[in-house]
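# Structural overview for review
Spelled out from the first residue to the last, the chains are:
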Amino acid sequence: MLYTNLMNARKNGQKMLAVLVDPDKARRDNLGQLAKFANEGHIDCFLWGGSLVNTTQSAYYLKLLKAHLKHTPVFLFPGSTYQLDDQADGLLLLSLISGRNPELLIGRHVQVAARIKQMKLETIPTGYLLVDGGRPTSVSYMSNTTPIPADKPPIAAATALAGEQLGLRLIYLDAGSGAQQPIRPTIIRAVRAEVDLPIIVGGGIRTPERAAIALEAGADMIVVGNGLEKDPNWLPELAAAVKGVQPGATKAQREKAKA
Ligand code: 1GP
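Before going into details, it helps to say that this report is about the structure given with it. Bear in mind the structure is a predicted one, so any value in this text is a computation, not a measurement.

Turning our eyes to something else, we now look at the packing of helix H2 (residues 28–39) against helix H3 (residues 58–68). The N-to-C vectors of H2 and H3 enclose an angle of 35°; their axes lie 9 Å apart at closest approach. In the packing of H2 onto H3, the handedness of the crossing is right-handed. Residues Arg-28, Leu-31, Gly-32, Ala-35 and Asn-39 of H2 lie in contact with H3, whose contacting residues are Tyr-60, Tyr-61, Leu-64, Leu-65 and His-68. Taken together, the residues that form the contact of H2 with H3 break down as six nonpolar, three polar and one charged.

And the structure:
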């Protein structure tokens, strides 16, 4: 129950780490290593998907990952309706509320609504906000939407608030995979101040320091993809930084938690 875990973590001031796996880049050894870290308690959740997935092997690799995992859930983070798979534990049902592309606000949802119902996945209605991360990303291009400017926290906050008022249950602030700059703390703080929903932040987080900055600004869970694809070995360090962030924790306290 990812949503319950997120709410409990939020209530207790704990922070969570999600790892995004792009099925096009999945490899047997890489998944085995990530699963080992997850089984050791370093990963709270996997996200599975991408803006453009070309492989026909996604289901095979998802099955492989699931076979290795003892308790960590895998949630679909679909870039298209082709990426639904009932081997997953759940689905982030994304509504791209920072954009004005009706297909990604309601069109595709209608196409797959009946299939999702049959799949019986834990489905979390998610307000997905793209924020400019310094350069065009696959997701901004593929979604044909304009990200929220990085220096406009009030727009991000009002968008997230509208999502909350519409009944969405989770906010995902994304600078896009491989973003030059992660989401600025000013944006995260503004959204945190406006909504009570759990907040996920991702895109361009490639160091434990960047993770800690996003979490201290108010993210409840961070997502790391690209930064672990080539080398997952820094994951324990990343996980320690995530667990070391408590509301108001000083840098010294974080260092102590890491040691
Ligand atoms: C992208 O938030 C995710 O949707 C992760 O981004 O690959 O840059 O870590 P990265």
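Still more to cover.
Moving on: the environment of Ala-175. Within the secondary structure, Ala-175 sits in the loop between strand S6 (170–174) and helix H7 (185–194). The buried category is assigned to Ala-175, whose relative accessible area is 3%. Measuring from C-alpha to C-alpha, the distance between Ala-175 and Gly-203 comes to 4.6 Å, with 28 residues separating the pair along the chain. The residues contacting Ala-175, other than those within four sequence positions of it, are Val-131, Gly-133, Thr-137, Gln-181, Pro-182, Ile-183, Gly-202 and Gly-203.

Quick look at a nonpolar patch on the surface now. Taken together, the side chains of Leu-52, Tyr-141 and Met-142 make up a nonpolar region of the molecular surface, amounting to roughly 370 Å² of accessible area. Tracing the backbone through its elements, the reader meets Met-142 in helix H5 (residues 138–143). A relative accessible area of 42% means that Met-142 is categorised as partly exposed.

Criteria and cut-off values
Residues numbered from 1 in each chain as written. Predicted model: local features only at pLDDT ≥ 70, side-chain atom pairs only at ≥ 80, totals over all residues. Heavy atoms only, no water. Axes fitted to C-alpha atoms, helices over the stretch in contact; angles between N-to-C directions. Helix = DSSP H or I, 4+ residues; strand = E, 2+ residues; numbered from the N terminus. Left-handed = near helix turned anticlockwise from the far one by under 90°. Contact = heavy atoms within 4.5 Å. Nonpolar A, V, L, I, M, F, W, Y, C, P; charged D, E, K, R; others polar. Buried < 20%, exposed > 50% of the residue type's maximum accessible area, 1.4 Å probe, protein only. Patch = residues over 30% accessible without salt bridge, like charges linked within 9 Å, V, L, I, M, F, W, Y side chains within 5 Å. Areas by Shrake-Rupley, 256 points an atom, 1.4 Å probe, with all protein chains shown as cover. Salt bridge = Lys/Arg side-chain N within 4 Å of Asp/Glu carboxyl O.

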